Amino acid sequence: MRMILVGPPGAGKGTQAARLVDRYKIPHISTGDMLRAAVKEGTALGREAEGYMSQGALVPDSVVIGMAIERISQPDAVEGFMLDGFPRTRPQAEALDEAMTAAGLSLDSVALIEVDDSLIVDRITGRRSDPETGVIYHLVFNPPPPDVVDRLVHRSDDTEEACRARLVKYHNDTAPIIPYYEEHGILCRVDGVGSPNEVTERLVTALGHE
Ligand code: AP5
């Protein structure tokens, strides 16, 4: 199964991807996670990406496309993958199509998780991640257990200001890929409001894979 999760920042892509890859036994490929790892390691790519990310801007296509295409070519992604956060621009979507066509492959589904902008800032500013397990919590909606609280991380782009900038980028640059995949007949829309379990069940139903 080769699929993409799309949605605004804080829609729950990372939360849902963690559940779905467990169910479908495919790798979770998050360009946000890959870029954060590069920033942490201080690689040349990470140094280039850092300034864009902290301001809520998109990292240039010239940096991200090669990184993502190279990752889906790895052996663990041969049978399928779940892309989260890529593609995020029309040129990224076209580059992905070209690479897949060249490899004789095609995408099965693109799931759009829909959440109104009015709910996003609360979700983003309350997010905390566990660097040891990768689990994503929310201080109110999904509170962390007391024994992990001290090690939780608050992402540098999870301020209200950066979140609002990310929302603008989403509507300007990423939303145009939605009609692109609609035209290809592989887009499904899923309501992202409700408990994480409810959203997972909607996704599984929409994707048509138990
Ligand atoms: P990235 O890491 O991809 O960030 P994002 O798309 O902004 O998405 P988030 O990770 O913020 O949110 P999410 O949808 O995964 O939500 P989550 O599950 O965590 O990208 C970061 C940056 O990297 C970009 O801004 C850009 O600079 C760069 N970048 C990455 N990819 C790029 C690309 N392809 N091109 C260019 N630049 C790129 O949930 C959020 C919170 O809500 C959590 O606290 C969670 O517990 C809570 N929550 C989840 N589900 C629910 C629910 N159902 N109800 C209530 N709360 C919920």
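Before reading further, recall that the structure is shown in the block above.
We now turn to the structure provided with this report. (Residues numbered from 1 in each chain as written. Predicted model: local features only at pLDDT ≥ 70, side-chain atom pairs only at ≥ 80, totals over all residues. Heavy atoms only, no water.)

**Here we look at the overall build of the protein chain**
For the protein chain, the helix and strand inventory stands at nine helices and seven strands. Taking 17 Å as the expected radius of gyration for a compact globule of 210 residues, we find that the protein chain reaches 16 Å, a close match to that expectation. For the protein chain, the spread of C-alpha atoms along the principal axes amounts to about 50 × 40 × 35 Å. Scored against the burial criterion, the 210 residues of the protein chain give a buried share of 47%. For the protein chain, the accessible surface area stands at approximately 10,500 Å², while carbon and sulfur atoms represent 52% of it. In the protein chain, 21 positive and 33 negative side-chain charges are present, and the distance between their average locations comes to 2 Å. (Helix = DSSP H or I, 4+ residues; strand = E, 2+ residues; numbered from the N terminus. Rg over C-alpha atoms; globule rule 2.2 N^0.38 Å. Buried < 20%, exposed > 50% of the residue type's maximum accessible area, 1.4 Å probe, protein only. Areas by Shrake-Rupley, 256 points an atom, 1.4 Å probe, with all protein chains shown as cover. Lys, Arg positive; Asp, Glu negative; His and termini not counted. Charge placed at Lys NZ, Arg CZ, Asp CG, Glu CD.)

**Remarks on the nonpolar core**
Counting 32 residues, the largest nonpolar core has Ile4, Phe81, Leu83, Leu96, Leu107 and Tyr181 as its most contacted members. Broken down by secondary-structure element, the contributors of at least two residues to this core are β1 (2-6), α3 (44-54), α4 (61-72), β3 (81-84), α5 (90-102), β4 (109-114) and α8 (177-183). With seven residues, α4 is the single largest residue contributor to this core. Ranked by size, the runner-up nonpolar core spans 24 residues in total, among them Ile120, Cys163, Val190 and Val204. (Core = buried A, V, L, I, M, F, W, Y, C linked by side-chain atoms within 4.5 Å.)

**As for the packing of aromatic side chains**
Per the stated rule, a full pass over the model turns up one aromatic pair. A ring pair is formed by Tyr180 and Tyr181, whose centres lie 5.1 Å apart and whose planes are at 80°; its orientation type is edge-to-face. With respect to class, Tyr180 is no different from Tyr181; both count as buried. (Phe/Tyr/Trp six-rings, centres within 6.5 Å; stacked < 30°, edge-to-face > 60°.)

**Section: α5**
Spanning 13 residues, α5 covers 18 Å between terminal C-alpha atoms, matching the ideal 18 Å at 1.5 Å per step. Among all positions of α5, only Gln92, Ala93, Ala95, Leu96, Asp97 and Met100 are buried. Turning to α5, the residues buried within the fold contact β1, α4, β3 and α8. Directly after α5, the chain includes Gly104, whose backbone phi takes a positive value near 75°. (Expected span 1.5 Å × (residues − 1). Contact = heavy atoms within 4.5 Å.)

**Describing the packing of α4 against α5**
At their nearest, the axes of α4 and α5 sit 10 Å apart, and the two run at 30° to each other. Our classification of the angle between α4 and α5 gives roughly parallel. The handedness of the crossing between α4 and α5 is right-handed. Of the residues in α5, those in contact with Asp61, Val64, Ile65, Ile69 and Ile72 of α4 are Pro91, Gln92, Ala95, Leu96 and Ala99. (Axes fitted to C-alpha atoms, helices over the stretch in contact; angles between N-to-C directions. Parallel < 35°, antiparallel > 145°, perpendicular 65-115°, else oblique. Left-handed = near helix turned anticlockwise from the far one by under 90°.)

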